[in-house]
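# Examination of the molecular architecture
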Amino acid sequence: MCELSLIGLVAFLIFGLTYTVPSDAVRNVVCYYSNWPQYRPGMGRYTVKDIDASLCTHIIFAFAKVVGNKLEPYENNDMRPNGGMWTALNNLKKTHPHLKTLLAVGGYNHGPQPFTAMSTTQQSRREFIMNSIALMRKYDFDGVDLDWEYPGQIVAADKQNLVHLLKEMRLEFENEARQHNRNRLLITMAVAAGIRNAEKAYDLPTMDRYMDMYNLMAYDLHGSWEDHTGLASTLQSNVDNLSVIAAVNWYLRKGVPLHKINLGLSFYARTWTLKTSGDIRLGAPTTGPGRKGPFTREPGALSHYEVCQLKEKPGWTSTYDATGQTMYGGYGDQFITYENEDAIKVKLDYIQKIGLGGAMVWALDHDDFNGHFCHKGKYPLLSLVYSSMSAAPSLPTGPQPPVVVTQSPVLTNPPVVNTNPPVFITNPPVYVTNPPVVVTNPPVFVTNPPVGVTNPPVFVTNPPIVTNPPVVTNRPRVTPSPKLPECPPDGGRFPYPGSCVRYYVCLRGFRISSSCRDGVFNPNTHRCESRATSTYVCNS
């Protein structure tokens, strides 16, 4: 099939004609390692010993937690000085000197409240930062990955306090590196792909001064917290603005440079139980999460290797969605949205053609790491990612002319090549964007309508630190966040305190906020219901 990508061709021509590509050029391959798969049964058990560090440029250990103004481990075997998981992970750098390791802090089960409390005052932020430096140097991490999900959702002041935290963290990291003559600790962040969440959470033009990378969580766009099926990681969408391209373009319009964005790829599936068995289609009504996998044992989610197992079941059917350019399928009353090699390749090609910093994968333990289930060797998805990122053009180091992205249709027949832009090429994925985005030389500033940027710095590795920011007056008062109960082991849907329409979903490793599109959330049935027919009377 012949498909259209104006930005892809322009970027390719710019990079190919202007820059020399080193033979060892590798974009970022950021791999998340989670510390709970060590408890999975049988061949699903995953520890540091199972990591193939040659396939990652960065490995992020998930998670640590904020306790008061300190970083602390979740598991009792994380930080043992000799033989703990942190030490074992960082020992991989002895045989893989290219590798960078970071410690992820937060996650959905962690919740935003500890971040809110820690970031409220300059004194509490400094205590957290200095404790973090000491811990990361002791265990040989190369930086911190903030997984605050999400600032501003409950306390509006979080958005500005995050900026203060990043600024002060960058300043202290710079000072510590200079004093001890060693590499500065990195600052990265796992950021939302949902634009509504991101708008509330991030003051990107300001915080970007202090950031090294953004790991864009371009998955979980839909899942079993909704009462109908959807695509969890869709390249583009005709239904809403929940898509990979919509998310990337939002970050570009906010001024984030292309080379700082790592596009998140999911090595797992999202699942539903269908209301009507066999109704395997997008938008089909559901009754709740899909059944647990035999190894991951999490309702509503399956690893890639568990999907490989299901494909061998009688009655399995699968469909490639041409708009989202990803897969869905299922059997009986189970609906599954997932990525296969073809869907991953589409996103890898997108990364290459528009010049993103690289790929981020969640998570190592979801790939067929032992090669037993999918019969394609060890780490079939991760190997594909690393191979693609190794073959990608190197990041540019000189000035680039503007690249304009315009909306383009999905083409099913070879296009007629015009003598004027847009220019058509064959076999890249379809990249549809709206509104137009203008990308200028790095740092990349994207505006709409376009705003000229004259001589911005090129790939600043040590951007200036503003030591005297303006005094913020009338800052929104920090109000206490509602205390959410601990998630039960089996997960489920639960009402959000003080709201008739909001609720949250507990899945292992995640606490996901959502709301009913119409009607109210009934805490008795744990479902969204019409106000007209619901037996639940909402008084707020």
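Look up: the structure comes first, before these words.
The text that follows walks through the structure, step by step, so that each part is easy to find. No experiment lies behind these values; they were computed from the predicted model shown.

So, how was this worked out
One numbering rule holds for all chains: residues counted from 1, following each sequence as written. Predicted model: local features are reported for residues with pLDDT of at least 70 only, side-chain atom pairs are reported and counted for 80 or more only, and whole-chain, interface and lining totals are derived from all residues. The basis for every side-chain value is the complete set of non-hydrogen atoms in the structure, without hydrogens or water. Here a strand is any run of E in DSSP of at least two residues, a helix any run of H or I of at least four, and the numbering for each starts at the N terminus. Exposed residues in this analysis have more than 50% of their type's maximum accessible area, buried residues have under 20%, and partly exposed residues fall in between, with area computed by a 1.4 Å probe over protein chains only. Contacts are assigned to residue pairs that have any heavy atoms within 4.5 Å of one another. Per-residue and other accessible areas follow the Shrake-Rupley method at a 1.4 Å probe size, with only the shown protein chains counted as cover for residues. Stacked, edge-to-face and tilted labels apply to pairs of Phe, Tyr and Trp rings (six-membered ring for Trp) whose centres lie within 6.5 Å, assigned for plane angles under 30 degrees, over 60, and everything in between, in that order. Helix span is expected to be 1.5 Å times the residue number reduced by one. Axis geometry follows a simple rule: fit a line to the C-alpha atoms, using only the stretch in contact for helices, then measure angles between N-to-C directions, giving values from 0 to 180 degrees. Orientation categories follow fixed angle ranges, with anything under 35 degrees roughly parallel, anything over 145 roughly antiparallel, 65 to 115 roughly perpendicular, and all other angles oblique. Note: crossing handedness is left-handed where the near helix turns anticlockwise from the far helix by less than a right angle, and right-handed where it turns clockwise. Only Asp, Glu, Lys and Arg are considered charged in this grouping, and only Ala, Val, Leu, Ile, Met, Phe, Trp, Tyr, Cys and Pro are considered nonpolar; every other residue, Gly among them, is considered polar. When a carboxyl oxygen of Asp or Glu is within 4 Å of a side-chain nitrogen of Lys or Arg, the pair counts as a salt bridge.

### Here we look at the overall build of the protein
Tallying secondary structure elements over the protein gives eleven helices and 22 strands in all. For the protein, with 540 residues in total, the buried portion stands at 58%. For the protein, the share of sequence-separated contacts (at least 6 apart) that also reach a separation of at least 24 residues comes to 72%. Accessible surface, the protein: about 22,500 Å² in total, of which carbon and sulfur atoms supply 53%.

### Details of unusual backbone geometry
Each neighbour pair has its own omega, and for E149 with Y150 the value is -5°, a cis peptide bond. Position of Y150 among the secondary structure elements: in the loop between β5 (143-147) and α5 (158-180). Cis rather than trans, the peptide bond between W362 and A363 has omega equal to -5°. Position of A363 among the secondary structure elements: in the loop between β15 (358-362) and α11 (380-391). Unlike most non-glycine residues, N181 shows phi in positive territory, near 55°. Overall, N181 belongs to the exposed group, its relative accessible area being 72%. Not every positive phi belongs to a glycine, and R297 is a case in point at roughly 55°.

### Regarding the packing of aromatic side chains
As enumerated under the stated definition, the model contains 22 aromatic pairs in all. Consider the rings of Y32 and W362, whose centres lie 5.1 Å apart with planes at 50°: the pair is tilted. Linking Y32 in strand β1 (residues 28-34) with W362 in strand β15, this pair joins segments that are 330 residues apart in sequence. Considered together, Y32 and W362 belong to a single accessibility category, that of buried residues.

### Considerations on the environment of F369
Structurally, the position occupied by F369 is in the loop between β15 and α11. Each C-alpha atom, one on F369 and one on Y305, is 8.5 Å from the other, the two residues being 64 residues apart in sequence. Apart from residues lying up to four places away in sequence, F369 is in contact with M43, G44, R45, Y46, D50, Y305, L364, K378 and Y379.

### Focus: α11
End to end, α11 covers 17 Å across twelve residues, agreeing with the expected 16 Å (1.5 Å per residue, within 8%). Within the sequence span of α11, burial applies to P380, L381, L382, L384, V385, S388 and M389. Next to the buried residues of α11 lie β1, β8 (261-266), α9 (304-310), α10 (341-354) and β15.

### Points about the packing of helix α8 (residues 244-253) against α10
Remark: α8 packs on α10, axes separated minimally by 12 Å, with the N-to-C direction vectors making an angle of 25°. Between α8 and α10, the angle falls in the class roughly parallel. Taken as a pair, α8 and α10 cross one another with a handedness that is right-handed. For the pair formed by α8 and α10, the contact residues are V244, I245 and V248 on the first element and K347, Y350 and I354 on the second. For the contact of α8 with α10, the per-class residue count stands at five nonpolar, no polar and one charged.

### Thoughts on the pattern of salt bridges
Inspection of the entire model under this criterion finds 20 salt bridges. Note that R137 and E176 form a salt bridge whose closest N and O atoms lie 2.9 Å from each other. Of this pair, R137 sits in helix α4 (residues 122-139) while E176 sits in helix α5, and the two are 39 residues apart along the sequence. What makes R137 partly exposed here is its relative accessible area of 24%. E176 sits in the buried class, given a relative accessible area of 8%. Between E174 and R170 there is a salt bridge, with its nearest N and O atoms 3.0 Å apart. With E174 and R170 both in helix α5 and four residues apart, this pair spans about one turn of that helix. As far as burial versus exposure is concerned, E174 and R170 are alike and both buried. What emerges from the salt-bridge pattern is a single network uniting R170, E174, R184 and D212.

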